[in-house]
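The lines below spell out each chain.
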Amino acid sequence: MAELQEVQITEEKPLLPGQTPEAAKTHSVETPYGSVTFTVYGTPKPKRPAILTYHDVGLNYKSCFQPLFQFGDMQEIIQNFVRVHVDAPGMEEGAAVFPLGYQYPSLDQLADMIPCILQYLNFSTIIGIGVGAGAYILSRYALNHPDTVEGLVLINIDPNAKGWMDWAAHKLTGLTSSISEMILGHLFSQEELSGNSELIQKYRNIITHAPNLDNIELYWNSYNNRRDLNFERGGDITLKCPVMLVVGDQAPHEDAVMADSGGQPQLTQPGKLTEAFKYFLQGMGYMASSCMTRLSRSRTASLTSAASIDGNRSRSRTLSQSSESGTLSSGPPGHTMEVSC
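Source: prediction; values computed, not measured.

Caption draft 1: Expanded view of the overall build of the protein chain. Of the regular secondary structure elements, the protein chain holds 13 helices and 11 strands. Within the protein chain, buried positions represent 52% of all 341 residues. Considering only residue pairs separated by 6 or more positions, the protein chain has 75% of its internal contacts joining residues 24 or more positions apart. Here the protein chain displays about 15200 Å² of accessible surface, and carbon together with sulfur accounts for 51% of that area.

Right, here's the structure in full:
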């Protein structure tokens, strides 16, 4: 019980006393598919990639990632990397509503905006962190530009296009549910929504009363019209970089890891996700001297190393953690780390 109590304290840990939020610089650049806004924290570090995030439908970079990046134990990581938080077009705070008939970019086109961001910032490589639709976008970008991606953290990703049964279910749901309720059902599991916790109430209020709800619906439609990424472990089309796959315990298809929906571990379990991310970075050869937090000793995090996906990175090595043994072992250069939070 002492260990469980310790984890609860760690999970709620805010910024440490004396720590202040980093200064942010927001930029917008024009791309072939419209303007995109992104916010940069920190300064570039020599020989280190930028951490680039992409949020899910119904959220922006703040509502999706702020609890994670303001978590106390995350500060050690962000001191070592510059961060770029991308807002999908029309999702940034204060965004104007797009005119009627506006053609919103497809997810593939949103991925094609990222090179414009990196060129503007003069950044050569990234470690991507994406949730849901954002995870798909970063995966598409990595498939198209493998030499610029050193690693990916993919939270609740569904790499598959919607099938006919999915389309039918989606259309039927649309007849009886509002856009905000459908998006909430994408972000959270039915169990979470039924529980109506303070977190659910907060995000229901954010989405239902969003002044840019029409824009959110356009992003939602693009997500539902996504193409199949067509990659699988050991297949011909595969990510060439180390990947950390993350799924929340509340996700309905947790055993599949790559699944659409349910649970937002970056909101509900920032401590466990930070811990796993540290291991992931160490597996890539960064932050080798970083100490693990109390979470690693508690053994409540369920971390499993999986078979590698094709890839070669001279800097990379694999550190895999088993929730039963708590030991670290080496593995092949390219690797997948699967995490349940």
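That was the structure; now back to the text.
Caption draft 2: Representation of the side chain of serine 139 within the structure. Its place among the elements puts serine 139 in helix 5 (residues 133-144). Look at serine 139 and you get buried, because its relative accessible area is 0%. A distance of 2.9 Å separates a polar side-chain atom of serine 139 from the backbone oxygen of alanine 135. Other than its neighbours up to four places away in sequence, serine 139 contacts Leu152, Leu154, Ile157, Leu229, Phe231 and Leu239.

Caption draft 3: Looking closely at helix 12 (residues 270-283). Here helix 12 spans 20 Å end to end across 14 residues, near enough to the 20 Å set by a 1.5 Å rise per residue. Looking one or two residues beyond helix 12, the residue adopting positive phi is glycine 285, at roughly 95 degrees.

Caption draft 4: The arrangement of the pairing of strand 1 (residues 24-31) in detail. In the sheet, strand 1 pairs with strand 2 (residues 34-41) via 8 bridges, with the strands oriented antiparallel. Each bridged residue has a counterpart across the sheet, and for serine 28 the counterpart in strand 2 is threonine 37. Remark: 2 residues form the turn of the hairpin made by strand 1 and strand 2, two consecutive strands paired antiparallel.

Caption draft 5: Representation of unusual backbone geometry in the model. Even without glycine at this site, asparagine 156 takes up a positive phi of about 55 degrees. If you trace the backbone, asparagine 156 turns up in the loop between strand 6 (149-155) and helix 6 (164-176). The backbone phi angle of asparagine 196 is positive, close to 50 degrees, even though this residue is not glycine. Within the fold, asparagine 196 resides in the loop between helix 8 (190-195) and helix 9 (198-208). According to the relative accessible area criterion, asparagine 196 is partly exposed, its value standing at 33%.

Caption draft 6: How the structure looks around the pattern of salt bridges. Taken as a whole, this structure holds 6 salt bridges when the rule is applied. Between glutamate 93 and lysine 62 there is a salt bridge, with the nearest N and O atoms lying 3.5 Å from each other. Taken as a pair, glutamate 93 in the loop between strand 4 (83-87) and helix 4 (107-121) and lysine 62 in helix 2 (residues 61-69) lie far apart in primary sequence, 31 residues in all. Relative accessible area serves as the criterion here: at 55%, glutamate 93 is assigned to the exposed category. What makes lysine 62 partly exposed here is its relative accessible area of 28%. The salt bridge partner of lysine 278 is glutamate 76, with a shortest N-O separation of 2.9 Å. Here lysine 278, found in helix 12, pairs with glutamate 76, found in helix 3 (residues 75-78); they are 202 residues apart in sequence, far enough to count as distant. Judged by its relative accessible area of 3%, lysine 278 falls in the buried class. Residue classification places glutamate 76 among the partly exposed residues on the basis of a relative accessible area of 29%.

Caption draft 7: Highlighting the environment of glutamine 66. Tracing the chain through its elements places glutamine 66 in helix 2. In this structure glutamine 66 comes out as partly exposed when scored by relative accessible area, which is 34%. Taking the C-alpha atoms as reference, glutamine 66 lies 9.9 Å from proline 270; in sequence the two are 204 residues apart.

Caption draft 8: Broad picture of the pairing of strand 6. Most of strand 6 sits out of view: 7 of its 7 residues are buried. In this sheet, strand 6 lies alongside strand 5 (residues 126-131) in parallel orientation, the contact comprising 6 bridges. Of the residues in strand 6, the one forming a bridge with glycine 128 is leucine 152. Note on the crossover from strand 5 through helix 5 to strand 6: the handedness is right-handed. Pairing geometry for strand 6 and strand 7 (residues 243-247), over 4 bridges, is parallel. Note that in strand 7 the partner of leucine 154 across the bridge is leucine 245.

Parameters and conventions
- Residues numbered from 1 in each chain as written.
- Predicted model: local features only at pLDDT ≥ 70, side-chain atom pairs only at ≥ 80, totals over all residues.
- Heavy atoms only, no water.
- Helix = DSSP H or I, 4+ residues; strand = E, 2+ residues; numbered from the N terminus.
- Buried < 20%, exposed > 50% of the residue type's maximum accessible area, 1.4 Å probe, protein only.
- Contact = heavy atoms within 4.5 Å.
- Areas by Shrake-Rupley, 256 points an atom, 1.4 Å probe, with all protein chains shown as cover.
- Polar contact = N/O pair within 3.5 Å; in protein donor to acceptor, adjacent residues only side chain to side chain.
- Expected span 1.5 Å × (residues − 1).
- Pairing = 2+ DSSP bridges.
- Salt bridge = Lys/Arg side-chain N within 4 Å of Asp/Glu carboxyl O.
- Right-handed = clockwise from strand over helix to strand, strands pointing away.

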